[in-house]
Number of protein chains: 2
Amino acid sequence: MLSSSFLRSLGLLALGLLLLADSGQSAPQPKAAWMRGARTRLAKSSKWNSNRWANGSACVETAPSDFQAPKENVWSGLTNWEAASVTRWLFGQAELNLTRSEDAGNWDNSILLVELMLPNKTDVLPYVDGDAAAPTRYAHVVLDLRATVNPTYTDILVGPLPVTNGTTTWQPVEYPYTRKTGGSIRNLDADSDTMQTDFILKITGSISDITLDLWGGTAMGMDNDTLDVWGIDPVWQYDNKLTRWDTFWNYPTDEFDAETLLPLGLFLKTDVTGRDPSKWKMKGWLYNDIFYPTTADFRKAYYSGNFTKLGANVEGDWARTDQQGPVLPMDTATPPGAVAPSGARYSVDHTRKYVEWMDFSFYMGFSRDTGLALYDIRHKGQRIIYELSLQEALAHYAGNDPVQSGTAYLDSYYGFGPYAFELVPGYDCPAYASFVNTSFYVSETTHTHINSVCLFEFDADYPIQSHTNSAYTAKTKNIYFTVRFVATVGNYDYSFSYEFYLDGSIRVEVRASGYIQAAYYANNHDYGYQIHDFLSGSMHDHVLGFKADLDILGTENTMELTTNVPVTENYVWSDHPRNTMKLQRSFIESEDDSRLFYTGNGRTQYRVVNTAKPNKYGEYRGYRILPSDGTIHLTVLNSSNLVDAADWANYDLMITKQKDTEPRSAHPYNGQDVYDPMVRFGDFFNGESLTQEDLVVWFNLGMHHIPHTGDLPNTVFTTAHSGIQFMPLNYYDGDISRQTVNMVRINYDKGNVSEVKTFGQKEATCSADLAKEEFDFYSYTGDVVIRKFPYDPNDPYFETDSIV
Amino acid sequence: MLSSSFLRSLGLLALGLLLLADSGQSAPQPKAAWMRGARTRLAKSSKWNSNRWANGSACVETAPSDFQAPKENVWSGLTNWEAASVTRWLFGQAELNLTRSEDAGNWDNSILLVELMLPNKTDVLPYVDGDAAAPTRYAHVVLDLRATVNPTYTDILVGPLPVTNGTTTWQPVEYPYTRKTGGSIRNLDADSDTMQTDFILKITGSISDITLDLWGGTAMGMDNDTLDVWGIDPVWQYDNKLTRWDTFWNYPTDEFDAETLLPLGLFLKTDVTGRDPSKWKMKGWLYNDIFYPTTADFRKAYYSGNFTKLGANVEGDWARTDQQGPVLPMDTATPPGAVAPSGARYSVDHTRKYVEWMDFSFYMGFSRDTGLALYDIRHKGQRIIYELSLQEALAHYAGNDPVQSGTAYLDSYYGFGPYAFELVPGYDCPAYASFVNTSFYVSETTHTHINSVCLFEFDADYPIQSHTNSAYTAKTKNIYFTVRFVATVGNYDYSFSYEFYLDGSIRVEVRASGYIQAAYYANNHDYGYQIHDFLSGSMHDHVLGFKADLDILGTENTMELTTNVPVTENYVWSDHPRNTMKLQRSFIESEDDSRLFYTGNGRTQYRVVNTAKPNKYGEYRGYRILPSDGTIHLTVLNSSNLVDAADWANYDLMITKQKDTEPRSAHPYNGQDVYDPMVRFGDFFNGESLTQEDLVVWFNLGMHHIPHTGDLPNTVFTTAHSGIQFMPLNYYDGDISRQTVNMVRINYDKGNVSEVKTFGQKEATCSADLAKEEFDFYSYTGDVVIRKFPYDPNDPYFETDSIV
């Protein structure tokens, strides 16, 4: 969500790709110390093995400890051993001319990423559905090739794995991308560090008299700077130039992460084309909507006596998230909360990252770019969704100033994986949730975030079924299962929940909290509300692109649309024409017509069906795709910022034929060349038939956000929410939630109960010791759990407990 | 949702208006018995006064017992004493020629309803906002005037209250209705009982040879009939005639309420114009889309040898809600559930039906037509919403057969109040919820439904706020407060939840469960899916109309629209035109432009603001109205069934100037004369200014329902859902959820926690005895709690514990 310089400026860990060259990253703790801590913490996360119940009243602990997935998880990433051996092997390939990350300068090549190359679906299906061997494993490696005047980010494959001298090779990987340049795309960030210190901060330092006068601070690259400088993302790329716009921000004065609330309203334009710093040019200043082509012009105007000086945004309690204001009535009493008397009623294979809850099962994968993904989601043993995963998250701003106007973050550039921080039990997830660690590669090390994915069952505050008449009442509990992770990409916290329900439906829920990126207030009235003294809540669209590769009774599927339409109709039995309605059923026949906008008044139902396998009544079995809250597409048409880099954001639902060559709608470096991105999603649509083919549905969640005062200090999850559900529609012969025993029927007559049926459900007989439900906040770890390579096979600790 | 004859056929209590004349209603239990039962039950509902905690570990019980509302509740209905004295007084008015309900025949006048006449807002405000006296109370009485050839339903006022001979009078009430006929509308139901027994069942009995041959049963009005007959609602009213279409249904063979799943496909047309049964005419039969003008024609065809006989829908486990199928893995272990360690953290004045939770407060009212309503909803002492209430619920069907096509239920005709049955703790609401009774008038008695409204706090499964970086994590619990009731109007269970959040927002959530009304399958392919052997899931729109009378910092308000629009724009700092977006702000200036459809892509924000009271930044303080899930308007244009009876269903948001003469968008008898209904909502829109006026926002929730196999046996609440939220937008200067102490901040560095702040929140230290959380199902009462008049002032038991 934020520019790389901002991430640095906040002192965040040097995570991910761009920041590799940072040399100042935090030193790991002594090995023994961090390992002891980690082990303690992991034990806490395995909650269902501990007795959390009051003495003498232990409820049943349900989940088996020896549970195993039916197949290997082919999506779950490289083991530490694999990642380390690939890294070591790469350093042995002289032609790559690699330098270790901590030693690499602007003109060195280095390794940015070593991850599993996701196997092709066509290679996986014979394994997961049949007796074939698991697909051969390859590492997906991203190289940062800067030892050249034309630096690139380059994707290569290394394999087959395990690494064997003689058989293992590397090759450029091009097939999953629409851009056919050998897996390479230009690297606009090659000189970002020196550009900041030796160019930008020199310019901003050159007006330190003005910044001191305006805001009492400087941006000179000094330790006592109180001002930060950063700006648009992606950099402008038109006219074969690279143009930057940056602006000043106040640093917060304490640990609160409020910098994005503290813009100062002075903007700086530079031309940073090419790798020769002597050719980079200062191109002008902007203040209060007046443009000054040179520093001299700006300086002259500033000291002319007629210059209008506007105020500064300064941190205060308004920007801090701590408790403020009078304590609410009775709020110091413990609020309600959920408990799990029987522990986990689901099974997790921690080695294979596989979960079963009721009749659902799925495998988990995790990647640097997009975090958690679910694979081979089955219900009653039958696959419903092959892959359900985030693809990219766009945050497109607008404003009367060039920085807001020029900002269109494509967050997989920063990566969701590295920012999936440890979760807080009792807050992010119920206290009784199970937790799983996640790991990611950075700078020849593996980082692990303890307890960064949670799994839990929950009883909704309403039943799933209800019916009452004068003779009986029948109610069924609405117990559902959730997998969640939260990624804080700079200022914003995205919460992703995948939910499973007793009726066979699956939901994806996205929520946003954290700090907004706000604009300086001057002249921005048409782009947001003024929300503080000198602050405008910069309007922006969040559009989060997802992939759902549905397989309904096999891979041959069709997208059916059913629309409610008003009609005037005559019937054999009507003596007047009748104004009524009927259903219009149609199919999406090819990729020529498969980029859809949701129809008004929710009048169209979207369903993936298998027309070759109707139910016994001749209706197509299928799953409906139902936007449930706030789904949007991008407001901006033909965005000047994005050009062709995020075509997927322009529609609501997009259906393509599944191809191993089109695995993802985006690429983390699409922003490096918006005119010729690695993945131009529009190219997926080339007229292929979608009738009884293997379909992929690309859908968007998101929200139009016009920040208001209620977004200060943080946006709240309750209103920044978007969701979608996949629900069986004529898939089963009836409502399958009838299988649960957690229902009751009470028969009565004239006030007297004559019969109670509880269907074998177990009543809780234990006591929940609520003190034991409380998380020990001092056991929180945060984001610093690092395991250095080379790998020690005698200590494979994280390997079996993290999703990598 | 269902025709009156169907309600009768199910043996439901003879509740409400239409059914008044029924003589066979269930006899009350001996007084002593039901009172003992009721007392016991009420004690159970006052949960926070009992100690539900394990020995020696009682948590704090919070709510005070002597809590009192600041003002009388002027909306909460008549006391039993008032209702009884009005009833007695009316029987003393000879000119009304009243007969007691149980004795009344087709040609007698009787009383259908005695309720509080809701006071005018203009009379209430000086009381609730100032020192004026409470408005004078009047009873709203509905008379069923059938001792005439032109029978009417007639609304009158009786008052002032308390009844005093000499000062109390009655008068027709006309001012709240657009129809100006002295509060009277024709009564199409006057002869419904004799029409059924002496006319319809005679016709259906006349083909008992055919019904026996087709389905093995008869509809003759005999005790051993296995077939029911009922049909369209409202009755067709065109050409100055009254036309009925009825159809046959199998009775269920057990207590399950499955009749609406058992249509049989033979339809019967009759002309029932006028009160002279000798002029009612049989007009034809329809079977398999072939119309037979006479019984002779039908009989001839049936025995011709060429008649195609289709199958019958017969009850089976597919239509029963009990547990079915293999028990799910681990499902017999107790699932998670919520507990409330501190009891209620809110206050209820049971006498005045007033609630305070955190900084919210509101009064509750309850009516026969629409059930629970909330009044004078305040936050931090300032009114946000004067009235938030259901107005009407439409279920508009369509089909190739005349019964589905002719069905457009206006459910307030049946009433939501009488069907708000007792709730089941642990299912409808958390086990620890507080419950309130509701009461309603019928046949000179007061009925009370024990525990039919629930109040509870809940911890959502996700936080309200989250932010994490490399130095700290800050999270805030999302505790919200809910008021809920569930009304089962025939086949469908509607759940209504009013929710209050820490950020100041208020939500309305509607869910539907229960039995669908299905169609016979033949020839209905264009109107639904075939979902069982001979069954079609008849497509229908649920549109539930609500009223939100917002008062933002007083009653002078304006509706502002803010729309995201794509633009191409030049800026002083841009060297190319830029494709971007901006905000378009506008106001709804008059009732000429105030009936709105939601714009595509959710691009418009709707806000009620007070332009005279901007915040310190010059932005208007207001509340946003945000449809959050599945809000729709009616698909059908100019419905032949509804004509002018439900204009409110045709739009998404409708804004009017508040008037005491326009208190409600509907009337329970609108269906009695669809060409000239009591309330023609379109008449509210007469060009009045909406600029800084007292505004009422009429909004719709609902869903397009195309039932599928997953709706058998019951529709589930998870998918049949619609919601809206009212959220502060620039109303406060920041996010007010910062007030709660239920948040945590953890500071850390390199894996070590350096500081934990918990802001005075209390950790639970007690144990929750989960067995004590379990509801004793045998204490359920159901819908039979009757209190006969005359009133006994020595036993005012329900009066203080029910909302009436």
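If you're wondering where the values come from, they're calculated on a predicted model, not measured in any experiment.

## Quick word on the pairing of strand β9 (residues 281-287) of chain A
Residues and elements named next belong to chain A.
Link 1 in the chain: The pairing of strand β8 (residues 263-271) with β9 spans six bridges and is classified as antiparallel. Within β9, the position partnered with threonine 270 by the bridge is methionine 282.
Link 2 in the chain: Where β9 folds back on strand β10 (residues 290-292), the antiparallel hairpin that results is connected by two residues, among which asparagine 288 adopts a positive phi of roughly 50 degrees.

## A few points about the relation of the copies chain B and chain A
Link 1 in the chain: Least-squares fitting of chain B to chain A yields an RMSD of 0.0 Å, with the transformation described by 0.0 Å of translation along the axis and a rotation of 180 degrees. In short, the pair behaves as if placed about a two-fold rotation axis. Nearest to the rotation axis, the C-alpha of Ala338(B) is located 1.9 Å from it, this being the minimum over chain B.
Link 2 in the chain: Looking at the interface residues of chain B, 100% of them are also at the interface in chain A, so both copies use one shared face.

## Observations regarding the UniProt feature "active site" (unreviewed entry) in chain A
Residue and element names in this part refer to chain A.
Link 1 in the chain: If you check UniProt for "active site" (unreviewed entry), the listed places come out as Asp411 and Tyr492 in our numbering. Spanning 82 residues, the named residues form one tight spatial group whose C-alpha atoms are at most 10.5 Å apart.
Link 2 in the chain: With respect to the helices and strands, aspartate 411 occurs in the loop between β17 (408-410) and β18 (434-442).
Link 3 in the chain: Mapped onto the fold, tyrosine 492 is located in strand β23 (residues 492-500).
Link 4 in the chain: We classify tyrosine 492 as buried; its relative accessible area is 0%.

## Regarding the sheet that holds strand β38 (residues 752-757) of chain A
Residues and elements named next belong to chain A.
Link 1 in the chain: Pairing in this open sheet of four strands is antiparallel, and the strands run β20-β21-β37-β38 from one edge to the other. This sheet does not close on itself; its edge strands, each paired only once, are β20 (465-468) and β38. Across the sheet, the mean angle from the axis of one strand to that of its neighbour is 15 degrees, orientation sign disregarded.
Link 2 in the chain: Note that strand β21 (residues 472-476) and strand β37 (residues 743-749) share five bridges and pair antiparallel. Paired with threonine 476 across the bridge in β37 is methionine 743.

## With respect to the state of the cysteines
All names here are of chain A.
Link 1 in the chain: A full pass over the atoms with the stated rule returns two disulfides over all chains.
Link 2 in the chain: The disulfide partner of cysteine 429 is cysteine 454, and the gap between their sulfur atoms is 2.1 Å. Since a negative S-S torsion denotes a left-handed disulfide, the cysteine 429-cysteine 454 link at about -85 degrees is left-handed. Linking cysteine 429 in the loop between β17 and β18 with cysteine 454 in strand β19 (residues 445-459), this pair joins segments that are 25 residues apart in sequence. Judged on exposure class, the residue cysteine 429 and its partner cysteine 454 are both buried.

## Comments concerning the interface of chain B and chain A
Where interface size is quoted, it is often the accessible area lost as the parts come together.
Link 1 in the chain: Taken together, the contact between chain B and chain A spans 222 residues of the former and 222 residues of the latter.
Link 2 in the chain: Summing the contributions of chain B and of chain A, the shared interface buries around 18900 Å²; its carbon and sulfur component is 55%.
Link 3 in the chain: The largest contributions to the chain B side of the interface with chain A come from Tyr427(B), Asp461(B) and Trp573(B), which together make up 5% of the buried area.
Link 4 in the chain: A salt bridge links Arg745(B) to Asp322(A), with the shortest nitrogen-to-oxygen separation between them at 2.8 Å.
Link 5 in the chain: On inspection of chain B and its partner chain A, the count reaches 106 residue pairs in polar contact (both at pLDDT 80 or more).
Link 6 in the chain: Broken down by element, the side of chain B that touches chain A gets its largest block of residues, seven residues, from strand β30 (residues 578-588) of chain B.

## A word on the pattern of salt bridges
Link 1 in the chain: All told, the structure shown has 91 salt bridges over all chains when counted by the stated rule.
Link 2 in the chain: Residues Asp694(A) and Lys121(A) are paired through a salt bridge, measuring 2.8 Å at the closest nitrogen-oxygen approach. Here Asp694(A) is found in the loop between β34 (653-657) and β35 (695-705), whereas its partner Lys121(A) is found in helix α4 (residues 121-128), with 573 residues between them in sequence.
Link 3 in the chain: Residue Asp694(A) is classed as buried on the basis of its relative accessible area of 13%.
Link 4 in the chain: When the shortest N-O distance is used, the salt bridge between Asp551(B) and Arg383(B) registers 2.9 Å. Here Asp551(B), found in the loop between β28 (540-550) and β29 (558-569), pairs with Arg383(B), found in strand β16 (residues 382-397); they are 168 residues apart in sequence, far enough to count as distant.
Link 5 in the chain: Taking the relative accessible area as the measure of exposure, Arg383(B) reaches 7% and is therefore buried.
Link 6 in the chain: Connected through shared salt-bridge partners, Lys121(A), Asp129(A), Asp376(A), Arg378(A), Arg383(A), Asp549(A), Asp551(A) and Asp694(A) make up one network.

## A short note on the packing of helix α6 (residues 208-215) of chain B against helix α7 (residues 295-302) of chain B
Residue and element names in this part refer to chain B.
Link 1 in the chain: In contact at an axis separation of 11 Å, α6 and α7 are set at 40 degrees when each is read in the N-to-C sense. Compared by their axis directions, α6 and α7 come out oblique. Crossing of α6 over α7 shows left-handed handedness. Where α6 approaches α7, its residues Asp209, Ile210, Asp213 and Leu214 are matched on the opposing element by Phe298, Arg299 and Tyr302.
Link 2 in the chain: Tallied by class, residues from the contact of α6 with α7 come to four nonpolar, no polar and three charged.

Criteria and thresholds
Per chain, residue numbering runs from 1 following the sequence as it is written. Naming scheme: in the order in which they are written, chains are lettered from A and ligands are numbered from 1. Whole-chain, interface and lining totals are the exception, using all residues; otherwise, since this is a predicted model, local features are given only for residues with pLDDT of at least 70 and side-chain atom pairs are given and counted only at 80 or more. Hydrogens are left out, water is left out, and the side-chain values use all remaining heavy atoms of the structure. A pair of strands is treated as paired once DSSP finds two or more bridges between them. Numbering of helices and strands starts at the N terminus; helices are DSSP runs of H or I of at least 4 residues and strands are runs of E of at least 2. Copies overlap after least-squares fitting; the atoms used are the C-alpha atoms of residues with pLDDT of at least 70 in both. Contacts are residue-level and defined by heavy atoms, with any inter-residue pair within 4.5 Å sufficient. UniProt positions are given in the numbering used here, feature names are shortened, and annotations may be inferred rather than shown by experiment. Burial classes follow relative accessibility: with a 1.4 Å probe on protein chains only, a residue under 20% of its type's maximum area counts as buried, one over 50% as exposed, and anything between as partly exposed. Only C-alpha atoms enter the line fits that serve as axes; for helices the fit covers just the stretch in contact. Angles between N-to-C directions range over 0 to 180 degrees. Put simply, a disulfide is two cysteine sulfurs that come within 2.5 Å. Accessible-area loss on putting two parts together, using a 1.4 Å probe and summing over both, is the definition of buried area adopted here. A carboxyl oxygen of Asp or Glu within 4 Å of a side-chain nitrogen of Lys or Arg is what we treat as a salt bridge. Whenever a nitrogen or oxygen atom comes within 3.5 Å of another N or O atom, the pair is scored as a polar contact, on the condition that within protein one atom can donate a hydrogen and the other can accept it, and that pairs from neighbouring residues in sequence are kept only if both atoms are in side chains. For this classification, under 35 degrees means roughly parallel, over 145 means roughly antiparallel, 65 to 115 means roughly perpendicular, and everything else is oblique. Left-handed is the label given to a crossing in which the near helix is rotated counterclockwise from the far helix by less than a right angle, and right-handed is the label when the rotation is clockwise. When residues are sorted by character, Ala, Val, Leu, Ile, Met, Phe, Trp, Tyr, Cys and Pro go into the nonpolar class, Asp, Glu, Lys and Arg into the charged class, and all the rest, Gly among them, into the polar class.

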